[in-house]
Amino acid sequence: RLRSSSSSSSVASEEGGGKNDKDEEENGERTTIGVIGSGAVGCYYGARLWECGEYDVKFHMRGEHYEASKENGLLLTSVDRDVHIPPTLLQTYSDPSEIGPVDWVLLCLKSTGLNAAPDLVRPLLKPTTRVLAVMNGLVDEDLVRLIEGQGEEDEPQLTKCAATYGGMALLCSNRVGPGVVDHSYAGKLTVAVASSSSSSSSSTGSSSFPSNEDRDAVIDLFAPTSVEFVYEPSIIRGRWSKNCWNLPFNGISVAMGGITVDKIVTDPGLRRLAYGVMDETIAIGNEALRRSGADSEADPQLFLGEVERKAMMDLSDGMGPYKTSTMLDLTNRRPMEVKYLFRKAVDTAKKLGVEAPHLETVVAQIEAHQRFH
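No experiment lies behind these values; they were computed from the predicted model shown.

A. Expanded view of the nonpolar core. In this structure, Trp240, Trp245, Phe249, Ile284 and Leu359 are the most contacted members of the largest nonpolar core, which totals 52 residues. At the level of secondary structure, the elements contributing two or more residues to this core comprise strand E8 (163-177), strand E9 (180-196), helix H8 (235-255), helix H9 (261-266), helix H10 (268-291), helix H11 (306-317), helix H13 (338-352) and helix H14 (357-372). Counting residues per element, this core draws most heavily on H8, which supplies 10 residues. When neighbours within four sequence positions are excluded, isoleucine 284 is seen to be in contact with Trp240, Ala345, Thr348, Ala349, Leu352, Val354, Ala356 and Leu359. Of all hydrophobic cores here, the second largest spans 41 residues; its members include Ile33, Val35, Leu90 and Leu106.

B. Spatial organisation of a negative patch on the surface. Together, Glu152, Glu153, Asp154 and Glu155 make up a region of like negative charge exposed at the surface. Within the fold, aspartate 154 resides in the loop between helix H6 (140-148) and E8.

C. Quick look at the packing of aromatic side chains. Counted under the stated rule, the structure contains four aromatic pairs. With a centroid separation of 4.9 Å and an interplanar angle of 80°, the aromatic rings of tyrosine 44 and tyrosine 45 are classed as edge-to-face. One exposure class covers both tyrosine 44 and tyrosine 45, and it is buried. Note on tryptophan 245 and phenylalanine 249: the rings are 5.4 Å apart at their centroids and 25° apart in plane angle, and the pair reads as stacked. Of this pair, tryptophan 245 and phenylalanine 249 both sit in helix H8, four residues apart, which is roughly one turn of the helix. A single burial state applies to tryptophan 245 and to phenylalanine 249, both of which are buried.

D. Structural context of the environment of leucine 189. Looking at where leucine 189 falls in the secondary structure, it is placed in strand E9. Between the alpha carbons of leucine 189 and tyrosine 45 there is a distance of 9.1 Å; along the sequence they are 144 residues apart. Leaving out residues up to four positions away in the same chain, leucine 189 has contacts with Tyr45, Val134, Gly167, Met168, Ala169, Phe222, Val227, Glu228, Phe229 and Val230.

Thresholds applied
- Residues numbered from 1 in each chain as written.
- Predicted model: local features only at pLDDT ≥ 70, side-chain atom pairs only at ≥ 80, totals over all residues.
- Heavy atoms only, no water.
- Core = buried A, V, L, I, M, F, W, Y, C linked by side-chain atoms within 4.5 Å.
- Buried < 20%, exposed > 50% of the residue type's maximum accessible area, 1.4 Å probe, protein only.
- Helix = DSSP H or I, 4+ residues; strand = E, 2+ residues; numbered from the N terminus.
- Contact = heavy atoms within 4.5 Å.
- Patch = residues over 30% accessible without salt bridge, like charges linked within 9 Å, V, L, I, M, F, W, Y side chains within 5 Å.
- Areas by Shrake-Rupley, 256 points an atom, 1.4 Å probe, with all protein chains shown as cover.
- Salt bridge = Lys/Arg side-chain N within 4 Å of Asp/Glu carboxyl O.
- Lys, Arg positive; Asp, Glu negative; His and termini not counted.
- Charge placed at Lys NZ, Arg CZ, Asp CG, Glu CD.
- Phe/Tyr/Trp six-rings, centres within 6.5 Å; stacked < 30°, edge-to-face > 60°.

The following block contains the structure:
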């Protein structure tokens, strides 16, 4: 796997915005990025892309978040380094059609809003556009279907842009107010090619190798940034590796009625439950890899196991009283990411013949919370 530089760069400010204050002619020659879903995740990675000074970054925002950012700029407070994009340099739009076609779309919607993706994303597309979906859950095939206007039973086939990617973020960030996002922990972004218009079939469900062009494009995108970036050759492995955190910790935080991560890792019973869900997740992901054609003997490193198990628990042990995104949805009475994050995981287990009793029980509780609250 390839990793971009994670070295620090100077704090962006109105006085020192690096290459972001180039004239319009030079801006037009730079790679353009449209951020759709400018919340805690979109603003974090969008700000990191902006601060390196290499890109023309445009944010789609709504409501008071849009109004406050337009007036005061976008502020990212961070344990690593703060970024302020002043209003004189911030490009923010309330209508995605005003952004127009871009080279990259950074799509950071909640999966509950996936059906809105066509109206938000299509105005930004041209044949060479690449779409990076930094989203939770098993969304990749449906994203292609929605962009293309295909039915639920259709085999996803990408034609309207160059490629789509799945982004798996291990990031603790929250939007704490209009125009303000706080980053409190971690920030690693793992990316895999999900589908490509240059391939005869979608790679979302196959073991076909991404092209060098699709791989190199996303590696080059994050190379000048301070983001801890890892390229993942398999979208199946990437999504199920992230599920090794999402399913136990987002899941238990909601199943228990809304508790923080520190309570899960410090309670002996809940810690055992987290491991139980994680082990089932690993089993499902590995079976999905096998069904895609991966060979555990020829390429054992491709399969999930103790490395991921330890990494996810170590990460959680250091989070403190972090409120998971799904817990925040529950406590704020917002729709939770039940379909793509939880239900699809259980349905996949059943389809593959993998027993997952801990996961099924947790998801049943989550679905009950969704119905009753």
